[in-house]
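# Descriptive structure summary
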Amino acid sequence: MAPRLSPQAYIDGVCAGDRMVLSRAITLVESALPSDRALAAAVLEGCQRRAGTAFRLGITGVPGVGKSTFIDAYGTYLTGIGHRLAVLAIDPSSEISQGSILGDKTRMDRLSRDPQAYIRPSPARGSLGGVTRATREAILLCEAAGFDYIIIETVGVGQSEVAVHSMVDFFLLLMLAGAGDELQGIKKGIMEMADGLAINKADGENLLRAQQARAEYETALHLFPASDSGWLPRVLTCSAIADAGMAEIAAMISDYRMVCTADGWLEKQRHAQAKTWMHETIGHLLLDQFYAHPLIKKNLIQKEIDVLEGKIPPTVAATQLIALYLQQTAK
Ligand code: GDP
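In this report, we go over the structure that sits alongside the text. (Residues numbered from 1 in each chain as written. Predicted model: local features only at pLDDT ≥ 70, side-chain atom pairs only at ≥ 80, totals over all residues. Heavy atoms only, no water.)

### A word on helix H1 (residues 7–15)
Working note: α-helix, 3.6 residues per turn, so residues spaced by three or four point in the same direction. What H1 keeps buried is the set Tyr10, Ile11, Gly13, Val14 and Cys15. Packed against the buried residues of H1 are helix H2 (19–30), helix H3 (37–47) and helix H6 (135–144). (Buried < 20%, exposed > 50% of the residue type's maximum accessible area, 1.4 Å probe, protein only. Helix = DSSP H or I, 4+ residues; strand = E, 2+ residues; numbered from the N terminus. Contact = heavy atoms within 4.5 Å.)

### Structural notes on the pattern of salt bridges
The tally for this structure, following the rule as stated, stands at 12 salt bridges. Measuring nitrogen to oxygen at the nearest pair gives 2.8 Å for the salt bridge that ties Asp36 to Arg4. Remark: Arg4 occurs in the segment before H1 and Asp36 occurs in the loop between H2 and H3; sequence separation between them is 32 residues. Residue classification places Asp36 among the buried positions, given a relative accessible area of 5%. Of the charged contacts, one joins Asp288 and Arg37 as a salt bridge, the two residues approaching to 3.5 Å between their closest N and O atoms. Of this pair, Asp288 sits in helix H11 (residues 265–292) while Arg37 sits in helix H3, placing them 251 residues apart in sequence. Judged by relative accessible area, Asp288 falls into the partly exposed class, the value being 26%. Judged by relative accessible area, Arg37 falls into the partly exposed class, the value being 32%. Look at the salt bridges and you will find they share partners, linking Asp72, Arg110 and Asp243 into a network. (Salt bridge = Lys/Arg side-chain N within 4 Å of Asp/Glu carboxyl O.)

### Quick look at the site of the ligand
In the region of the ligand, 17 residues are neighbours, and Gly64, Lys67, Thr69, Asp203 and Ala240 sit closest. Contact distances for the ligand include 3.2 Å between an oxygen atom and a side-chain N or O atom of Arg107. Separating an oxygen atom of the ligand from a side-chain N or O atom of Ser239 is a distance of 3.4 Å. Look at the ligand: alone it shows 580 Å² of surface, and the protein chains cover 79% of it. Examining the composition of the shell around the ligand, we find that 3 residues originate from one element, helix H4 (residues 67–80), more than from any other. (Near = heavy atom within 4 Å. Polar contact = N/O pair within 3.5 Å; in protein donor to acceptor, adjacent residues only side chain to side chain. Areas by Shrake-Rupley, 256 points an atom, 1.4 Å probe, with all protein chains shown as cover.)

See below:
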């Protein structure tokens, strides 16, 4: 493990856009070590004044739909029109992508060589499909480092969409034509969360089917209740491999941005997200402290056994452990 820097060295490096320091700062905020917590908090506080200015785009879809190919194409389009882009991507070496789904292919080949882009892979393992407890913190640090566009990739597994939805401005769902929703593992609830759908692989023999699917999804979306923002989700087609449809997707997102900035929705959503972030962090920190407490460690296994043997109900075991913890911490 690289030695930790001073808080000011992290803050100065991040704010100067130093990618090496940015990567180390993200590693720091991802750290589960209690000894890193105060340092991470100081770094986040120091970077806060420069954050909050980027547009945050969440992208989801089942493995194989073309997420990484799409991010490579769309990201290259974005840097081509002058954006500085940070991608919080799923790490291909992590568990979920091993085997036949992604193979050994290099993900986001063009972006990884693009000086205007920064890619930070997150392990899918032990996280919600690439969204970790520290994803929001990573967004803050990337914004402080001067990136004005952030893409957060997540694999379509259900819970991860809910998590990513709570941290982005626009949520884009990638779909395929010809595969039923069930087949794609996309639940109705996820479609309801999306601000836009893109039917990918609209090329070659698949083009017509993609256009048909677009019409079908458009009809389906109209049956959903209107979203709180008042924005009507749109459906587009694209071919990530042929770089087709990127400008149309950018135009859709920019329309959304205009409409939802003008009526104050985006700001309202950011405020709600910041509140959620604080409350979730309180939950995480309390849980960490609870489970790290020596007395809890000592008693937990026995309580688990008692529960498994049916000696006490789970609720009673939990109540007793919390009472024990509160007694100890009150001393
Ligand atoms: P991910 O698992 O969602 O990240 O999907 P990938 O980006 O790894 O793509 C899965 C496969 O679909 C790869 O073989 C890609 O080359 C292919 N693919 C991605 N986008 C397109 C597209 O627009 N058209 C076609 N024909 N193939 C695509």
